[in-house]
Amino acid sequence: RGRYGDDLFSLSLLETGQCPWSTSSSSSTVEWLPPLPRHSAALSADFRFNNRPAVRGSRRNKNILSENTPRVVLWYEHISKAGGTTFCALAQSNMPSASVPRYHCMPRKGELMDGRVGSWTNEELIDVVTRQQPYRIVANEWDPFDGDKLHLSGRDLWTNNNNNNNNNNSPRLLFVTTLRDPADRLLSSYTFFSDYSEQQQRDVSNFGVWIRKNLARVGNFKAGGRSAFRSNIARNNYMVWRFSGGTLPDHQVDEEENASFFVTSRIFPSAATEKSVWERPFQAAVRALANFDLVLPMDVMTQESGKRALRELLGWDQFVLNGRRYVGEKESGHVVTTGEVRNSNARAYLEERGSGEEFRALWERNWLDYILFYWARAVFFARLYCQEVLAE
């Protein structure tokens with residue numbers, strides 16, 4: 001994967017299933033580890049009980065599917081090319097079919113298969129899942145995460161206040177996302193979405209051209225709109241942009257201005273390093289993810305640690321994927337809906353083409369995403385393997 005700098009979050013131990021702290025240590029306080037989100041245990045228990053897949057002839061499941069006011073809805077923040085197809089397939093294997101939107105877990109809006117739920121107001125979301133459809137999962141892939149959605153679960157982005165939802169008939173949300181190594185996600189987006197042939201994709205320079213072409217269009221994007229919505233996936237620090245509510249600007253500077261901070265690149269566009277540009281959006285992204293009930297690293301989603309986390313939070317226990325629409329390794333859970341499964345490794349891709357220094361450049365330009373990704377990854381493993389220590 002390739003890391004630079006210090007192991008600030010003890011990932012070298014956590015990823016092997018070892019807890020870096022002990023109950024006998026003088027202090028088990030971990031400053032970077034946030035408390036569990038408000039109401040997480042209660043929402044999880046409610047979701048697990050009410051969202052088991054239907055059994056033919058079961059009156060209980062028929063009643064569940066006919067309820068007009070679902071109590072807990074799973075909000076899946078789908079980061080493009082970070083395991084969203086597999087996650088939605090798991091939902092279809094573990095939940096009543098009528099409760100899962102058919103198109104990649106994205107609810108319709110009018111004639112649109114993907115209704116762009118990420119751009120809906122809380123009131124619009126409430127109306128759809130309580131009056132129109134019995135959905136118990138919705139997925140947002142293309143729009144920035146709206147921190148106001150946290151209010152439906154009694155949470156707030158910037159304070160610790162208990163923002164209770166006063167409408168008892170309104171859904172409460174259980175928040176889940178899957179994250180992937182930022183450079184690998186970017187490479188996967190390029191190989192999946194670009195118009196270049198497989199032969200052309202072997203030319204590293206085309207990777208940079210694809211990024212720059214998309215960045216030239218991001219100014220046309222508006223939440224919920226159809227213009228340039230896919231171009232955002234080529235942004236530097238895309239995950240911070242998403243979880244900050246889209247507040248991290250596409251602020252590029254000349255290569256010379258960042259020469260003291262970044263490795264020079266002939267391929268990849270530079271990124272801003274000014275604290276006044278990135279600090280508030282980065283804080284917002286960290287706070288947003290701290291309020292998610294599960295932030296699951298994509299590479300462990302269908303491994304034992306990922307299965308355990310999904311079982312504990314959502315009650316899911318079916319990990320063999322079914323359905324003709326999926327292509328790939330259904331037994332292991334690595335699938336796509338079109339093309340073929342590829343294991344995108346940005347470091348190998350660039351080093352094999354004699355551009356190892358360009359990988360370092362790409363890594364540095366996505367420095368905020370890497371901090372966010374490693375922190376979120378450490379939080380996941382710490383909560384999994386250090387439960388006894390953290391309970392002290």
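Above: the structure in question.
Computed from a predicted model, the values in this text were never measured in an experiment.

A. Structural detail: the overall build of the protein chain. Counting its regular elements, the protein chain contains 15 helices and six strands. Counting all 392 residues of the protein chain, 53% fall into the buried class. Long-range contacts, defined here as pairs at least 24 residues apart, represent 73% of the contacts in the protein chain between residues at least 6 apart.

B. Structural context of the side chain of S344. Residue position: S344 is located in the loop between strand 6 (334-336) and helix 12 (346-351). What S344 contacts, discounting residues up to four positions off in sequence, is R180, D184, L187, S188 and T191.

C. Inspection of the environment of L390 at higher detail. Assignment of secondary structure puts L390 in helix 15 (residues 387-391). L390 sits 361 residues away from T29 along the chain, and the two C-alpha atoms are 7.5 Å apart.

D. How the structure looks around helix 8 (residues 204-215). The terminal C-alpha atoms of helix 8, which comprises twelve residues, lie 17 Å apart, in line with the 16 Å expected from a rise of 1.5 Å per residue. Taken together, the buried positions of helix 8 are V204, N206, F207, G208, W210, I211, N214 and L215. Looking at the packing, one finds that the buried side of helix 8 touches helix 6 (182-193), helix 7 (198-201), helix 12 and helix 13 (356-365).

E. Here's a closer look at the pairing of strand 1 (residues 72-77). Of all six residues making up strand 1, six are buried, and the element is well covered by its neighbours. Residues of strand 1 alternate between two faces, with V72, L74 and Y76 on one and V73, W75 and E77 on the opposite face, all of them buried. The pairing of strand 1 with strand 3 (residues 172-179) spans six bridges and is parallel. Its bridge partner being in strand 3, V72 is matched across the sheet by R172. Relative to strand 2 (residues 137-140), strand 1 is paired through four bridges, and the arrangement is parallel. What sits directly across from E77, in strand 2, is N140.

F. Summary view of the packing of aromatic side chains. Inspection of the entire model under this criterion finds 26 aromatic pairs. Centre to centre, the rings of F9 and W32 are 5.4 Å apart; their planes meet at 80 degrees, and the pair counts as edge-to-face. Of this pair, F9 sits in the segment before helix 1 (11-14) while W32 sits in the loop between helix 1 and helix 2 (40-50); the two residues are 23 residues apart in sequence, bridging distant segments of the chain. For the pair formed by F9 and W32, the shared burial category is buried. An angle of 90 degrees between the planes, with centres 5.9 Å apart, marks the rings of F145 and F175 as edge-to-face. One end of the pair, F145, is in the loop between strand 2 and strand 3; the other, F175, is in strand 3, with 30 residues separating them in the sequence. When its relative accessible area of 2% is taken as the criterion, F145 is described as buried. Its relative accessible area of 0% is what places F175 among the buried residues. Taken together, the ring pairs connect Y190, Y196, F207, W210, F268 and Y349 into an aromatic cluster.

G. Fine view of the nonpolar core. Judged by nonpolar contacts, the single largest core of 111 residues is most densely connected at W32, F87, F207, L310 and W316. Counting residues per element, this core draws most heavily on helix 14 (residues 367-385), at 14 residues. In this structure F87 touches L74, Y76, I137, V176, T178, M301, L310, L314 and W316, once residues within four positions along its chain are discounted.

H. Spatial organisation of the pattern of salt bridges. In total, this model carries 17 salt bridges according to the counting rule given. R131 serves as the salt-bridge partner of D127, at 3.6 Å between the closest nitrogen and oxygen. You can see D127 and its partner R131 sitting in helix 5 (residues 122-132), four residues apart, about one turn around the helix. Overall, D127 belongs to the partly exposed group, its relative accessible area being 27%. Residues joined in a network through salt bridges with shared partners are E15, D299 and R377.

The rules behind the values
- Residues numbered from 1 in each chain as written.
- Predicted model: local features only at pLDDT ≥ 70, side-chain atom pairs only at ≥ 80, totals over all residues.
- Heavy atoms only, no water.
- Helix = DSSP H or I, 4+ residues; strand = E, 2+ residues; numbered from the N terminus.
- Buried < 20%, exposed > 50% of the residue type's maximum accessible area, 1.4 Å probe, protein only.
- Contact = heavy atoms within 4.5 Å.
- Expected span 1.5 Å × (residues − 1).
- Pairing = 2+ DSSP bridges.
- Phe/Tyr/Trp six-rings, centres within 6.5 Å; stacked < 30°, edge-to-face > 60°.
- Core = buried A, V, L, I, M, F, W, Y, C linked by side-chain atoms within 4.5 Å.
- Salt bridge = Lys/Arg side-chain N within 4 Å of Asp/Glu carboxyl O.

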